[in-house]
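Chain by chain, the residues run as shown.
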Amino acid sequence: MTTVHEYSDKTVTSESAADAKIQLAFADDGAIAIIALNEPKLGNPMSPEMGDAFSATVKQLKEHDKLRAAIVRGAGKNFSVGGHRDMLSRLADPSMTSEARHNFMLSFYDRWLTLLEVPVPVIAAIEGDCIGVAPIFACASDISVADETANFQITFAAIGLYPGMAMSYLVPKLVGAQRATLLMVAGAPFSGREAAECGLVAKSAPRGTVHEEALKIARQIAANAAEVVRPLTLAFRAKRSELQPTLESDATRQAESYATQEFRDRIAKYLPKWYDNQPQFQMTKREKDLSI
């Protein structure tokens with residue numbers, strides 16, 4: 001569930017909103033939406049449940065007539081540490097079929113790529129960790145701004161998992177094939193400043209100011225003519241039809257990766273790095289029988 005609040009310059013939350021997977025608030029009398037991935041104790045990992053809340057939020061925004069721009073951010077100190085531990089553990093279970101994995105991933109992509117359906121320019125405000133699949137927000141948002149100290153790393157190869165969410169298409173489109181190979185095949189970590197230098201994000205902001213910078217850009221957009229801003233944004237934005245062949249291929253390749261012992265061995269070492277103090281995941285019978 002997503003909770004909506006009106007506010008002027010600061011995010012307003014309530015007890016129920018604090019528990020929501022996605023927080024939605026508005027600035028400047030509803031002209032600017034601020035969407036927050038909201039599971040900060042775990043670093044805002046991207047799960048199917050959070051994806052459902054995200055897509056529901058996009059649906060709400062389509063009905064918001066006063067909207068002129070949207071900002072996406074992470075609650076707390078990180079943007080997102082990538083795919084949720086429980087989801088990765090579930091997909092590694094040997095009892096899950098290849099078809100179930102394939103369909104699960106296509107559904108997962110669909111939830112998050114509703115980002116491309118937001119009817120106004122989307123600005124990603126990235127700070128802290130932006131790991132694994134989370135840099136999709138840098139790739140698919142209309143404008144991305146990163147804290148100069150943000151920690152990016154596209155970790156798929158390191159955990160034995162083929163990249164998903166059409167990142168193998170979008171990243172080289174932004175940064176070029178050689179830089180994409182450095183970032184995705186070598187898996188080199190890089191800062192927000194380096195992300196701006198290579199073109200993955202539009203610009204970096206001094207430490208601690210990325211949200212102010214994103215709001216400044218949103219207000220610049222909101223002041224312009226909506227009749228021009230909206231169609232021009234759609235002209236620049238990636239199209240789902242353009243991405244679909246890669247998404248289909250990604251789902252197949254990821255299903256293959258999840259079935260390997262190498263993925264299971266690597267993910268067992270990787271997960272504690274991001275979830276040191278969390279209880280161990282135990283798969284339920286329903287999840288073992290999962291087929292989406």
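These lines cover the structure that appears in this document, whether it is placed above or below. Every value quoted in this text rests on a predicted model; they were computed, and no experiment measured them.

Some thoughts on the packing of helix 6 (residues 167–175) against helix 11 (residues 240–258)
To describe two helices that pack against each other, one gives the angle between their axes and the distance between the axes.
Right, on to step 1. Packing of helix 6 against helix 11 brings their axes to within 9 Å, and their N-to-C directions diverge by 130 degrees. If you check the angle between helix 6 and helix 11, you find them oblique. Note on element contacts: helix 11 touches helix 6 through E242, L243, T246 and D250, opposite M167, S168, Y169, L170 and K173.
Right, on to step 2. For the contact of helix 6 with helix 11, the per-class residue count stands at four nonpolar, two polar and three charged.

So, helix 4 (residues 98–112)
Right, on to step 1. Between the first and last C-alpha of helix 4 there are 22 Å, a value that for 15 residues agrees with the 21 Å anticipated at 1.5 Å per step.
Right, on to step 2. Taken across its 15 residues, helix 4 has 11 buried, putting it largely inside the fold.
Right, on to step 3. For helix 4, every residue scored as buried is listed here: A100, R101, H102, F104, M105, L106, S107, F108, Y109, R111 and W112.

A word on helix 6
Right, on to step 1. Regarding helix 6, the residues found buried are M167, L170, V171 and V175. Considered in projection along helix 6, the buried side chains sweep an arc of 105 degrees and stay on one side of the axis.
Right, on to step 2. Tucked inside the fold, the buried residues of helix 6 contact helix 5 (136–140), helix 7 (177–185), helix 8 (192–198) and helix 11.
Right, on to step 3. Trailing helix 6 by a residue or two, G176 shows a phi angle of about 95 degrees, which is positive.

Quick notes on the nonpolar core
For soluble globular proteins, the rule of thumb is that nonpolar side chains tend to be buried together.
Right, on to step 1. With 75 residues, the main nonpolar core has I136, F137, F152 and M165 as its most contacted residues.
Right, on to step 2. Of the residues forming this core, the biggest block, seven residues, is contributed by helix 4.
Right, on to step 3. What F137 contacts, discounting residues up to four positions off in sequence, is L37, M46, F54, V72, F79, W112, L115, A124 and S144.
Right, on to step 4. Core analysis: the next-biggest nonpolar cluster, separate from the first, contains 17 residues, I34, A69, A205 and V229 among them.

Details of the pattern of salt bridges
Right, on to step 1. The final tally for this structure, using the stated rule, is 11 salt bridges.
Right, on to step 2. The residue K21 makes a salt bridge to E39 at a minimum N-O spacing of 3.4 Å. You can see K21 sitting in the loop between helix 1 (15–19) and strand 2 (22–27) and its partner E39 sitting in the loop between strand 3 (32–37) and helix 2 (48–62), a full 18 residues away along the chain.
Right, on to step 3. Of the charged contacts, one joins D110 and R240 as a salt bridge, the two residues approaching to 2.7 Å between their closest N and O atoms. Remark: R240 occurs in helix 11 and D110 occurs in helix 4; sequence separation between them is 130 residues.
Right, on to step 4. You can call D110 partly exposed: its relative accessible area is 37%.

Analysis parameters
- Residues numbered from 1 in each chain as written.
- Predicted model: local features only at pLDDT ≥ 70, side-chain atom pairs only at ≥ 80, totals over all residues.
- Heavy atoms only, no water.
- Axes fitted to C-alpha atoms, helices over the stretch in contact; angles between N-to-C directions.
- Helix = DSSP H or I, 4+ residues; strand = E, 2+ residues; numbered from the N terminus.
- Parallel < 35°, antiparallel > 145°, perpendicular 65-115°, else oblique.
- Contact = heavy atoms within 4.5 Å.
- Nonpolar A, V, L, I, M, F, W, Y, C, P; charged D, E, K, R; others polar.
- Expected span 1.5 Å × (residues − 1).
- Buried < 20%, exposed > 50% of the residue type's maximum accessible area, 1.4 Å probe, protein only.
- Arc of directions from axis to C-beta.
- Core = buried A, V, L, I, M, F, W, Y, C linked by side-chain atoms within 4.5 Å.
- Salt bridge = Lys/Arg side-chain N within 4 Å of Asp/Glu carboxyl O.

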